There are 2 protein chains.
Amino acid sequence: MTDDARRTIGVAVLGMGNVGAEVVRILQQSASDLEARVGAPLEIRGVAVRDLGKARSWCSPSLLTDDAASLVTRDDVDVVVELIGGIDLPRTLIGTALEHGKSVVTANKALLADYTGELATIAARAHVDLYFEAAVAGAIPVIRPLMQSLAGDTVQRVAGIVNGTTNFILSAMAENGDDYASTLAEAGRLGYAEADPTADVEGYDAAAKAAILASIAFHSRVTAGDVYREGISTITTDDHESAATLDCTIKLLSICERIDDSMGRQRVSARVYPALVPNSHPLASVNGAFNAVVVEAENAGRLMFYGQGAGGSPTASAVLGDLVMAARNKVHGGRGPLESTYASLPIAPIGDVNTRYYVSMKVADRPGVLSTVAGEFAKRRVSIATVRQAGAGDDARLIVVTHRAPDSALSETVDALNDLDAVLSVSSVLRLEGTDG
Amino acid sequence: MTDDARRTIGVAVLGMGNVGAEVVRILQQSASDLEARVGAPLEIRGVAVRDLGKARSWCSPSLLTDDAASLVTRDDVDVVVELIGGIDLPRTLIGTALEHGKSVVTANKALLADYTGELATIAARAHVDLYFEAAVAGAIPVIRPLMQSLAGDTVQRVAGIVNGTTNFILSAMAENGDDYASTLAEAGRLGYAEADPTADVEGYDAAAKAAILASIAFHSRVTAGDVYREGISTITTDDHESAATLDCTIKLLSICERIDDSMGRQRVSARVYPALVPNSHPLASVNGAFNAVVVEAENAGRLMFYGQGAGGSPTASAVLGDLVMAARNKVHGGRGPLESTYASLPIAPIGDVNTRYYVSMKVADRPGVLSTVAGEFAKRRVSIATVRQAGAGDDARLIVVTHRAPDSALSETVDALNDLDAVLSVSSVLRLEGTDG
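Small disclaimer: the values here were computed from a predicted structure and weren't measured. (Residues numbered from 1 in each chain as written. Chains lettered and ligands numbered in written order. Predicted model: local features only at pLDDT ≥ 70, side-chain atom pairs only at ≥ 80, totals over all residues. Heavy atoms only, no water.)

Generally speaking, nonpolar side chains in soluble globular proteins are found buried as a group. By size, the foremost hydrophobic cluster in this structure holds 163 residues, and its most contacted members are A:Leu146 and B:Leu146. Setting aside residues up to four positions removed in sequence, A:Leu146 forms contacts with A:Ala151, A:Val155, A:Val158, A:Leu213, A:Ile216, A:Ala217 and A:Val295. (Core = buried A, V, L, I, M, F, W, Y, C linked by side-chain atoms within 4.5 Å. Buried < 20%, exposed > 50% of the residue type's maximum accessible area, 1.4 Å probe, protein only. Contact = heavy atoms within 4.5 Å.)

What follows concerns empty space enclosed by the protein. Applying the stated criterion to the full structure yields 8 cavities of 30 Å³ or more. The volume enclosed by the largest cavity comes to roughly 140 Å³. What lines the largest cavity is a set of 19 residues, among which A:Asn329, A:Gly336, B:Asn329, B:Arg335 and B:Gly336 lie closest to the centre. Looking at the lining of the largest cavity, the elements with two or more residues in it are helix 12 (312–332) of chain A together with helix 6 (143–149) and helix 12 (312–332) of chain B. In terms of residue class, the lining of the largest cavity is made up of 6 nonpolar, 10 polar and 3 charged. (1 Å grid on protein atoms, 1.4 Å probe; cavity = no way out; pocket = protein on both sides within 12 Å on 5 of 7 lines; lining within 4 Å. Points joined across faces, edges and corners; volume = space filled by probe spheres on them. Helix = DSSP H or I, 4+ residues; strand = E, 2+ residues; numbered from the N terminus. Nonpolar A, V, L, I, M, F, W, Y, C, P; charged D, E, K, R; others polar.)

This paragraph deals with the UniProt feature "domain: ACT" (unreviewed entry) in chain A. Under the UniProt annotation, the feature "domain: ACT" (unreviewed entry) is placed at residues 358–431 of chain A. End C-alpha to end C-alpha, residues 358–431 of chain A measures 6 Å, and it is 32% helix and 41% strand. (UniProt positions renumbered as here; feature names shortened; annotations may be inferred.)

The next thing to look at is the interface of chain A and chain B. Of the residues lining the interface, 50 residues belong to chain A; the matching set on chain B comes to 50 residues. Each partner contributes to the roughly 4100 Å² buried at the junction of chain A and chain B, and carbon and sulfur atoms together form 51% of this total. The largest share of the area that chain A buries against chain B comes from A:Arg37, A:Asn299 and A:Tyr342, three residues that together contribute 15% of it. Our count for the contact surface shared by chain A and chain B stands at 24 residue pairs in polar contact (both at pLDDT 80 or more). Sorting the residues of the side of chain A that touches chain B by element identifies helix 1 (18–29), helix 2 (31–38), helix 6 (143–149), strand 12 (301–308) and helix 12 of chain A as the ones contributing at least two each. A total of 9 residues in the side of chain A that touches chain B trace back to one element, the largest contributor, which is helix 12 of chain A. Class assignment of the residues belonging to the side of chain A that touches chain B gives a composition of 21 nonpolar, 17 polar and 12 charged. (Buried area = accessible area lost by both parts, 1.4 Å probe. Polar contact = N/O pair within 3.5 Å; in protein donor to acceptor, adjacent residues only side chain to side chain.)

Attention shifts here to the relation of the copies chain A and chain B. Superposing chain A onto chain B takes a rotation of 180° combined with a translation of 0.0 Å along the rotation axis, leaving an RMSD of 0.0 Å. Read as a symmetry element, the transformation amounts to a two-fold axis. Residue A:Gly334 of chain A places its C-alpha closer to the rotation axis than any other residue of that unit, at 1.7 Å. Mapped onto chain B, 100% of the interface residues of chain A are again interface residues, and the two copies thus contact each other with one and the same surface. (Least-squares fit on C-alpha atoms with pLDDT ≥ 70 in both.)

Reports often express the size of an interface as the amount of accessible area lost when the parts come together. All names here are of chain A. Structurally, chain A comprises domain 1 (9–138 + 312–332), domain 2 (143–308) and domain 3 (351–432). For domain 2 and domain 3, the distance between their C-alpha centres works out to 25 Å. Every contact between the two is made by 18 residues of domain 2 and, on the other side, 12 residues of domain 3. Buried area between domain 2 and domain 3, both sides added, is near 1300 Å², and the carbon and sulfur share of it is 56%. A per-residue breakdown of the area domain 2 buries against domain 3 is headed by Asp239, Ser242 and Leu276, which together make up 34% of the total. Where domain 2 touches domain 3, the interface holds 2 salt bridges. (Domains from an automatic or database assignment. Salt bridge = Lys/Arg side-chain N within 4 Å of Asp/Glu carboxyl O.)

Quick look at the sheet that holds strand 4 (residues 79–82) of chain A now. Spatially, 3-2-1-4-5-6 (chain A) is the arrangement adopted by the 6 strands of the open sheet, whose pairing is parallel. Taken across any chain shown, the strands that pair with only one partner, and hence form the sheet edges, are strand 3 (64–65) and strand 6 (130–131) of chain A. (Pairing = 2+ DSSP bridges.)

Residue and element names in this part refer to chain A. Across the interface, helix 13 (residues 369–379) lies against helix 14 (residues 407–419) with an axial gap of 9 Å and an inter-helix angle of 150°. What the angle tells us is that helix 13 and helix 14 run roughly antiparallel. Seen along the crossing, helix 13 lies across helix 14 with a hand that is right-handed. Together, Val373, Glu376 and Phe377 of helix 13 and Thr413, Ala416 and Leu417 of helix 14 make up the contact between the two elements. In terms of residue class, the contact of helix 13 with helix 14 is built from 4 nonpolar, 1 polar and 1 charged. (Axes fitted to C-alpha atoms, helices over the stretch in contact; angles between N-to-C directions. Parallel < 35°, antiparallel > 145°, perpendicular 65-115°, else oblique. Left-handed = near helix turned anticlockwise from the far one by under 90°.)

This part is about a negative patch on the surface. Residues A:Asp238, A:Glu241, A:Asp365, A:Asp394 and A:Asp395 make up a contiguous surface patch of negative charge. Here A:Asp395 is to be found in the loop between strand 14 (384–390) and strand 15 (397–402). (Patch = residues over 30% accessible without salt bridge, like charges linked within 9 Å, V, L, I, M, F, W, Y side chains within 5 Å. Areas by Shrake-Rupley, 256 points an atom, 1.4 Å probe, with all protein chains shown as cover. Lys, Arg positive; Asp, Glu negative; His and termini not counted. Charge placed at Lys NZ, Arg CZ, Asp CG, Glu CD.)

Take the pairing of strand 2 (residues 42–48) of chain A next. Residue and element names in this part refer to chain A. The buried fraction of strand 2 amounts to 6 of the 7 residues, a majority that puts the element mostly inside the structure. Examined bridge by bridge, strand 1 (residues 9–14) and strand 2 share 6 bridges and lie parallel to one another. Note on strand 2: the bridge partner recorded for Ala12 is Gly46.

In structure tokens, the structure reads:
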């Protein structure tokens, strides 16, 4: 279609939660602006919902349908916005839509983490767009900068706080000194945590986003199962206190890194875990439900993107940006880049990743303990950066911070410490990120 | 051209400064990565330089030419990268290249600030791309997020530190307590300021970038002459001390804002001036040669983009990203969005802008002075937030911080203060940004 040919771009919206409602509202409210930006009017052809009976004052009842499968194949639909969530149903619907020549905008990170490859293949064959800026870090532009702005650079590392629920909980624990359970309950009361918080607090959500980010950053296929994952449910008030003593704060990080193996071959590490971050690091001051992503590239250096990572309006903003671009491509021809996996870098196991460790252990209060403990580190060539002895008697503790070493060596060291008589228990093991050494 | 048709994309590079050299180096060094991302190999057809005699070990002599005009019209050139600087010559060369169906990537903010309209019109007619991510904030993706990611949102405000030279000088003054002249000299020695620093220190560079940002953010034509501008050469060590007392720091800000007139009609304010920024504001901690841009949009909320705003490699990263996207469009068809000026919002004069003022004045050390001074503010309905009296005798000073008021009222108040017997001199007037009230 040429620039002058004006027609209407038909939009189908699947799913009517917070984000869907905001998308429909903005489509109606900003219609003339969006038309000017697209080069053609956008018109909602239908809104697929599960329950037709539910009252929705902001959406004309004639638009509602419970037959999503028919909606996405309608001739007068050009772009499908998928906001259902889950995996199986949206996977089928998006696949069908793409096969029928519709461009698709989705915020579904769980789906994308495992099926971007399948869906991008269909989109490429059909010459349509598959956009998903809203899937990672809500309103913050991260996907498009990584895919397009940094298309001529070599990304070395992406590290981000991309889950608002866990960041809210960790921030609140650090600020108030409350324990995990009561802070989680409070987060639920305030609407920051879902009734079943597993996907958030055990890091599954952050791992899906890490998989998406790693795939794009390193032009390789990375799925959720490739991401090493630890959640935040074992973090204690003691950990927060120790972190503060070390001038650090605890954050759940999604880290994607290009690392070399012993032969110098490049591999991808993707991992999610709570880590100590120095207070001087830009990610340390990202609090509450905010998100931030730090990208390190060979030529660009370190970039940071910061903003609201969740919520109806911010997520809708990202969805609408994708929708305008997909609609614009329908009008003017062409399409945006899809996933590119030409580099096909293998995944590095967590054991091969070099990190620093913070280890807190209860020890017997007697001479020689420090020497025995230090010996276990030395045996595995793990160099100790600092040791702090805290408490006395029954409460005697050792807090060790190591230099960088392979995760396998660190983890073997911790196993060995657990076997020592002098160590009553290793109460906490966390990684330390965002520092040299 | 279909996705399967493989051909070579010819690239012409104009200008061989720091950035040009980096672009050529990366094109050669990352050739196979770039080919995979574009979908076709990129090949440098020629590099236009002023002086053919100058030795350039990193570039094959057979590529060099001093005939840029012929290079940009060669049949085997698909994309032209303009890094010459200046206005007249690149304006002609880019215009010619676009007319000949070449896509253009440029980092030339001075040119774009005045001629984006002219060049975008030619690009639209020729169905080619005009990309310029590197023109604002170096490696930091700002143009693409504003133009594409936020295409479905309504931007209210863009405020940024987009000039590295002035930020280096202001950061150094704040840290070392040195005066402006000696800090500027030091910046020159370290390579952060040019021999003639006027474009940087008087805010012309920041104003050109403000014009570009405002045009994109508000879908309206804004040129450099529309931007209200003040430089940093009058900032004193006293100002920095006063700022510190107010828990603020002084930054040269480029601000683009959507404001209503008295009838509720929207207008654009674009302005550049040194301002006090509260230390708690994210822009306050952007130091040295770093850049940052804060975008506030109706639905996305507040976003921040941070990174290196200048330098050969970071700027080359942004240029290469644009080059890959332009080349990709040549291979796959379609093109990115060009400037859109459909909104055509008028420019608001600085007098209509609501800001807060910081006014420092030398006053006679006698009773009643504060009352007289406060009276002048009150007469013009400018509400005072805080007053601090400092010094005594010949060094008696009043430091007033106002609430938000129209700039015209504030500026009339300062004129009136200058006419008072009780005020020996108004030594400094700065705006206060990044706060409510």
